[in-house]
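Residue-level structural notes
Next come the chains, spelled out residue by residue.
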Amino acid sequence: MAAALGRVLRLPAPPKLTVAGRTDAGVHARGQVIHLDVPAEAWSAAAGRVTSRLAGALPADVRVRAAGPAPAGFDARFSALWRRYAYRVCDGEAAADPLRRHETLWYFRRLDLPAMNEAARSCLGEHDFAAFCRRREGATTIRALRALSWHRDDHGIAVATVVADAFCHNMVRALVGALLAVGEGRRPPGWPAAVLAAGVRDPAVRVVPPHGLCLEEVGYPPGDQPAARAAAARRVRTAT
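Small disclaimer: the values here were computed from a predicted structure and weren't measured. (Residues numbered from 1 in each chain as written. Predicted model: local features only at pLDDT ≥ 70, side-chain atom pairs only at ≥ 80, totals over all residues. Heavy atoms only, no water.)

1. Points about the nonpolar core
- Ranked by size, the top nonpolar core spans 46 residues in total, and within it V89, F132, L145, W150 and L180 carry the most contacts.
- Listed by contribution, the elements that provide at least two residues to this core are β4 (82–90), α4 (113–121), β7 (142–152), β8 (158–164), α5 (171–183), α6 (191–198) and β9 (213–219).
- Ranked by the residues each element gives to this core, the list is headed by α5, at ten residues.
- Not counting the four nearest positions on each side in its chain, W150 is found in contact with Y87, V89, L113, M116, N117, A158, V159, A160, V176, L179 and L180.
- Core analysis: the second largest hydrophobic core is formed by ten residues, A4, L9, L11 and A46 among them. (Core = buried A, V, L, I, M, F, W, Y, C linked by side-chain atoms within 4.5 Å. Buried < 20%, exposed > 50% of the residue type's maximum accessible area, 1.4 Å probe, protein only. Helix = DSSP H or I, 4+ residues; strand = E, 2+ residues; numbered from the N terminus. Contact = heavy atoms within 4.5 Å.)

This is how it looks when you write it as structure tokens:
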């Protein structure tokens, strides 16, 4: 992406990109947001043709839907209010679609979605998600989980919707793994909350494969508020 932008905008070197959400290898992103700083004259010379030129410069699995000037102080990562991910699981052999195999986990144990939703509700709110994260030196694992629920789409695929202000490494995939254990009956609905309260990684929590996960959307504040949001997000949170 950086190399393609450098060519399209005719920059002397590929620009530095800041992304809204860093994803593990193998995770998809349908709603990724990036920002970069470029000279005003470089943007003016290419304005109106950036997306079409990028379509010819990028590989087939990457597309830019829109590009434009950002508000002052905007930061794709720190200005974000929330990120929404989806994880897709096919739990029926007859429903497995080979054409969707790169974006859906095949899991041939029938899942009890009401039990999974019961378990998910107990994880909502602001918590220290250390039990579901891979720790990084100097980084907090406190996150505000706004939504975690399961439904079946029109094809019978079980889809988890996960929304939080931010996520730490492996958090979504570990939460999904814990809920799958509930869904197939290996663990009771209260188990994920007990793991969360313990505050340490539990080897019984399986981190599910990355290919079923997709970053669907990132939300930002309106108007001139992104700069203030970015400043607030950079402060390291502590438990309340």
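2. Considerations on the environment of L5
- Looking at the element boundaries, L5 is found in helix α1 (residues 2–8).
- Taking the C-alpha atoms as reference points, L5 and E103, 98 residues apart in sequence, are found 27 Å from one another.
- Aside from chain neighbours lying at most four places away, what touches L5 is R10, P15, L17, I34, L36 and L54.

3. Comments concerning the pattern of salt bridges
- This structure, assessed with the given rule, holds eight salt bridges.
- Between R152 and D91 there is a salt bridge, and its shortest N-O distance comes to 2.8 Å. Of the two residues, R152 is situated in strand β7 and D91 in the loop between β4 and β5 (105–106); the sequence distance between them amounts to 61 residues.
- In this structure R152 comes out as partly exposed when scored by relative accessible area, which is 28%.
- Residue D91 is classed as buried on the basis of its relative accessible area of 5%.
- A single salt-bridge network, built from bridges that share partners, covers R30, R88 and E216. (Salt bridge = Lys/Arg side-chain N within 4 Å of Asp/Glu carboxyl O.)

4. What to know about the side chain of R143
- Along the chain, R143 turns up in strand β7.
- One buried charged side chain, R143, makes no salt bridge at all; its nearest oppositely charged neighbour is D165, positioned 5.4 Å away. (Lys, Arg positive; Asp, Glu negative; His and termini not counted.)

5. Observations concerning α6
- Taken residue by residue, α6 has W191, P192, V195 and L196 as its buried positions. Buried residues in α6, looked at end-on, bunch into an arc of 140°, giving them a common side. Facing away from the buried side of α6 by over 90 degrees, the exposed positions are A197 and A198.
- Looking at the buried residues of α6, the elements they touch are α4, β6 (125–128) and α5.
- Count one or two residues on from α6 and you reach G199, which has phi positive near 75°. (Arc of directions from axis to C-beta.)

6. Observations regarding the packing of α4 against α5
- The geometry of α4 relative to α5 is characterised by a closest axis approach of 8 Å and an angle of 135° between their N-to-C directions. When the axes of α4 and α5 are compared, the pair comes out oblique. Here α4 runs over α5; the crossing is right-handed. Counted together, A115, M116, A119 and A120 of α4 and L179, L180, V182 and G183 of α5 form the full contact between these two elements.
- Here the contact of α4 with α5 is composed, by residue class, of seven nonpolar, one polar and no charged. (Axes fitted to C-alpha atoms, helices over the stretch in contact; angles between N-to-C directions. Parallel < 35°, antiparallel > 145°, perpendicular 65-115°, else oblique. Left-handed = near helix turned anticlockwise from the far one by under 90°. Nonpolar A, V, L, I, M, F, W, Y, C, P; charged D, E, K, R; others polar.)

7. With respect to the pairing of β9
- In terms of burial, β9 is a largely internal element, six of the seven residues being buried.
- As paired strands, strand β2 (residues 28–29) and β9 are joined by two bridges and run parallel to one another. Residue pairing in the sheet places A29 in a bridge with L215 of β9.
- Across six bridges, β4 lies against β9 in antiparallel orientation. Considered in β9, the bridge of Y85 is made with L215. (Pairing = 2+ DSSP bridges.)

8. Some remarks on the state of the cysteines
- Evaluation of the coordinates by the stated rule reveals one disulfide.
- Here C123 stays free of any disulfide, with the sulfur of C133 as its closest cysteine sulfur at 12 Å.
- According to the relative accessible area criterion, C123 is buried, its value standing at 1%.
- No disulfide involves C214; its nearest neighbouring cysteine sulfur is the one of C90, lying 17 Å away.
- By relative accessible area, which is 5% here, C214 ends up buried. (Disulfide = S-S within 2.5 Å.)

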